[in-house]
There are 2 protein chains.
Amino acid sequence: MDIQLKRGLLDVCVLAAIKNEDSYGYKIIKDLKPYIELSESTLYTILKRLETAKMLTVRSAEHEGRLRKYYRVTQAGLKRIEEFKTEWKEVISVYQFVIKEDLHE
Amino acid sequence: MDIQLKRGLLDVCVLAAIKNEDSYGYKIIKDLKPYIELSESTLYTILKRLETAKMLTVRSAEHEGRLRKYYRVTQAGLKRIEEFKTEWKEVISVYQFVIKEDLHE
DNA sequence: CCGTATACTTCGTGATACGATGTATAGCGT
DNA sequence: ACGCTATACATCGTATCACGAAGTATACGG
């Protein structure tokens with residue numbers, strides 16, 4: 001997918017990936033893969049950003065010798081998803097404009 | 001609209017605004033206003049970019065003492081719009097993922 | 001013991017939307 | 001005559017952000 005199109009979707013995708021069950025970086029990438037691909041550097045940047053924005057909380061846990069940082073969505077994170085749904089109406093209106101064919105064609 | 005969401009839409013919006021009839025900067029902004037807002041600095045950057053990418057051609061014309069630069073969409077520009085339509089299927093799939101509610105909720 | 005998967009981190013770069021600022025003309029009201 | 005608004009295009013600097021590259025470290029199968 002075009003990198004510019006992704007920009008508006010990635011944050012919300014990550015929130016959605018964690019929404020129903022706490023998750024961690026590596027798993028998020030795998031879960032999102034069928035829908036949208038993102039690299040590790042991209043994801044960890046996003047996680048940091050969402051954490052700073054208090055849309056996520058983190059807890060570290062050891063899992064089979066490896067560190068895992070589990071992320072949980074906060075109320076602010078859920079709110080962000082709801083706002084996205086609202087904004088989507090505008091997006092659809094823009095899309096309709098773009099695909100609108102002139103009657104003369 | 002969120003600036004990140006706009007990123008994937010603006011280029012195609014500008015192309016769509018010109019598609020059926022040659023247009024110029026100031027008019028494009030007004031025509032797009034009901035759907036998506038963009039500043040002059042943003043638009044002229046986009047027009048330059050699309051011109052460089054050969055998706056637009058320009059011709060200057062004088063109109064009541066003022067300069068106007070009329071833009072016309074090229075075949076490459078039309079192709080870009082078609083590609084956008086194709087990409088949109090992916091976007092919709094991502095959107096469905098984001099709004100999907102867990103059954104337990 | 002070597003390759004692959006797991007797991008997180010940091011750095012630098014390129015793309016790009018925007019505000020601020022500037023230039024210039026036309027037209028309208030007072 | 002003067003000021004204000006609309007029209008019209010241009011440039012500069014800044015902040016945001018996705019990504020590739022590179023690094024660190026452990027577990028496990030062959």
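Residues numbered from 1 in each chain as written. Chains lettered and ligands numbered in written order. Predicted model: local features only at pLDDT ≥ 70, side-chain atom pairs only at ≥ 80, totals over all residues. Heavy atoms only, no water.

1. Here's the deal with the pairing of strand 1 (residues 56-63) of chain A
All names here are of chain A.
- Examined bridge by bridge, strand 1 and strand 2 (residues 66-73) share eight bridges and lie antiparallel to one another. Across the sheet, the residue bridging to Thr57 is Arg72, located in strand 2.
- Hairpin remark: strand 1 followed by strand 2, antiparallel, with two residues in the connecting loop; positive phi at Glu64, about 50°. (Pairing = 2+ DSSP bridges. Helix = DSSP H or I, 4+ residues; strand = E, 2+ residues; numbered from the N terminus.)

2. Section: the protein's contact with DNA strand C
- Around DNA strand C sit 26 residues in total, of which A:Glu40, A:Tyr44, A:Arg68, B:Lys6 and B:Arg49 are the nearest.
- Among all atoms of DNA strand C positioned within 4 Å of the protein, those belonging to sugar or phosphate total 73%.
- A:Lys30 places a polar side-chain atom, nitrogen or oxygen, 2.8 Å from a phosphate oxygen of DNA strand C.
- A:Glu40 places a polar side-chain atom, nitrogen or oxygen, 2.9 Å from a base nitrogen of DNA strand C.
- The set of elements that each furnish at least two residues to the surface near DNA strand C consists of helix 3 (25-32), helix 4 (40-52) and strand 2 of chain A together with helix 1 (3-6) and helix 4 (40-52) of chain B. (Near = heavy atom within 4 Å. Polar contact = N/O pair within 3.5 Å; in protein donor to acceptor, adjacent residues only side chain to side chain.)

3. Some words on the protein's contact with DNA strand D
- Close contacts around DNA strand D come from 27 residues, with A:Lys6, A:Arg49, B:Glu40, B:Tyr44 and B:Arg68 the closest.
- Sugar plus phosphate, as a fraction of atoms of DNA strand D within 4 Å of the protein: 70%.
- A:Ser41 is positioned with one of its side-chain polar atoms (N or O) 2.8 Å from a base nitrogen of DNA strand D.
- A distance of 2.7 Å separates a phosphate oxygen of DNA strand D from a polar side-chain atom of A:Arg49.
- Within the surface near DNA strand D, the residues separate by chemical class into eight nonpolar, eight polar and eleven charged. (Nonpolar A, V, L, I, M, F, W, Y, C, P; charged D, E, K, R; others polar.)

4. Looking at helix 3 of chain A
- Those residues of helix 3 of chain A that sit buried are A:Gly25, A:Ile28, A:Ile29 and A:Leu32. Buried residues in helix 3 of chain A, looked at end-on, bunch into an arc of 100°, giving them a common side. Away from the buried face of helix 3 of chain A by more than 90 degrees, exposed residues A:Tyr26 and A:Lys30 are located.
- Those residues of helix 3 of chain A that are buried lie in contact with helix 2 (10-19), helix 4 and strand 2 of chain A together with helix 5 (75-99) of chain B. (Buried < 20%, exposed > 50% of the residue type's maximum accessible area, 1.4 Å probe, protein only. Arc of directions from axis to C-beta. Contact = heavy atoms within 4.5 Å.)

5. Some points on the relation of the copies chain A and chain B
- The transform that puts chain A on chain B rotates by 180° and translates by 0.0 Å along the axis, for an RMSD of 0.0 Å. Overall, the copies show the geometry of a two-fold rotation axis.
- With an isologous cut-off of 70% or more, the 100% of interface residues of chain A that recur at the interface of chain B puts this contact in the isologous class. (Least-squares fit on C-alpha atoms with pLDDT ≥ 70 in both.)

6. A short note on the side chain of B:Lys6
Residue and element names in this part refer to chain B.
- As for its position among the elements, Lys6 is in helix 1.
- In this structure Lys6 is buried but unpaired, with Glu37 as the nearest side chain of opposite charge at 7.1 Å.
- Within the structure, the side chain of Lys6 is placed 2.6 Å from the backbone oxygen of Glu37, a separation counted as a polar contact.
- Setting aside residues no more than four positions away along its own chain, Lys6 makes contact with Met1, Ile36 and Glu37. (Lys, Arg positive; Asp, Glu negative; His and termini not counted. Salt bridge = Lys/Arg side-chain N within 4 Å of Asp/Glu carboxyl O.)

7. Topic: the interface of chain A and chain B
- Facing 33 residues of chain A, the contacting portion of chain B comprises 33 residues.
- Interface of chain A and chain B: buried area, both sides summed, is about 3,500 Å²; carbon and sulfur atoms make up 66% of it.
- It is A:Tyr35, A:Phe97 and A:Val98 in chain A that bury the most area against chain B; as a group they hold 18% of the surface buried on that side.
- Where chain A meets chain B, there are zero salt bridges.
- On inspection of chain A and its partner chain B, the count reaches seven residue pairs in polar contact (both at pLDDT 80 or more).
- Where the side of chain A that touches chain B is concerned, the elements lending two or more residues are helix 1 (3-7), helix 2 and helix 5 (75-99) of chain A.
- Ranked by residue count, the leading element in the side of chain A that touches chain B is helix 5 of chain A, at 13 residues.
- Class assignment of the residues belonging to the side of chain A that touches chain B gives a composition of 19 nonpolar, four polar and ten charged. (Buried area = accessible area lost by both parts, 1.4 Å probe.)

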